[in-house]
Amino acid sequence: MKLTSKETVMLAVYIEYQKDLPQMKNINHTALNMDKDVFNTALDKLSNERYITTENIKPTPEGLIYAEKYFSIQKYDTAAEKIEYIIKKCGTFGFSALKLFAVSAMEHLFDIY
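Residues numbered from 1 in each chain as written. Predicted model: local features only at pLDDT ≥ 70, side-chain atom pairs only at ≥ 80, totals over all residues. Heavy atoms only, no water.

**Q** I tried to follow the environment of Ile73 on my own but got confused; where do I start?
**A** Looking at the secondary structure, you find Ile73 in the loop between α3 (61-70) and α4 (79-93). Residues Ile73 and Thr41 lie 32 residues apart in sequence; the distance between their C-alpha atoms is 25 Å. Setting aside residues no more than four positions away along its own chain, Ile73 makes contact with Leu11, Tyr14, Ala67, Glu68, Lys82, Tyr85 and Ile86. (Helix = DSSP H or I, 4+ residues; strand = E, 2+ residues; numbered from the N terminus. Contact = heavy atoms within 4.5 Å.)

**Q** What should I look at first to understand the pattern of salt bridges in this one?
**A** Any two side chains of opposite charge can pair, given that their charged atoms come close. Scanning the entire structure with this criterion turns up four salt bridges. One salt bridge connects Glu49 with Lys6, and the closest N-O pair in it is separated by 2.9 Å. Linking Glu49 in the loop between α2 (36-48) and α3 with Lys6 in helix α1 (residues 5-17), this pair joins segments that are 43 residues apart in sequence. Taking the relative accessible area as the measure of exposure, Glu49 reaches 36% and is therefore partly exposed. Its salt-bridge partner being Glu16, residue Lys19 comes within 2.9 Å of it at the nearest N-O pair. For the pair Lys19 and Glu16, a shared accessibility class is recorded, and that class is buried. (Salt bridge = Lys/Arg side-chain N within 4 Å of Asp/Glu carboxyl O. Buried < 20%, exposed > 50% of the residue type's maximum accessible area, 1.4 Å probe, protein only.)

No statement about biological role is implied by the geometric values presented.
Shown next, in the form of structure tokens:
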């Protein structure tokens, strides 16, 4: 399995959204080890396809469905179970930057800032 930049960014948005208090500013090209222009283009595509809002980079209901379907995430799992599943999948497919992003999210899943 190979992820496009759009899919990588969407999964990062989904991961961050699982937190009790998401900090969407954590989603950036540096955190995902991605070129800034490529990252911004991925955001534009996700916004054009109505998977995210451009304001605060939040997932739309369609974006949540897309992420869960595309990545085979169980809709009714807890946030921790979803992120744990994503971490395992990222490890299996060698998505190291995304795995590190998910591990960080898991560590701060229940933080309230």
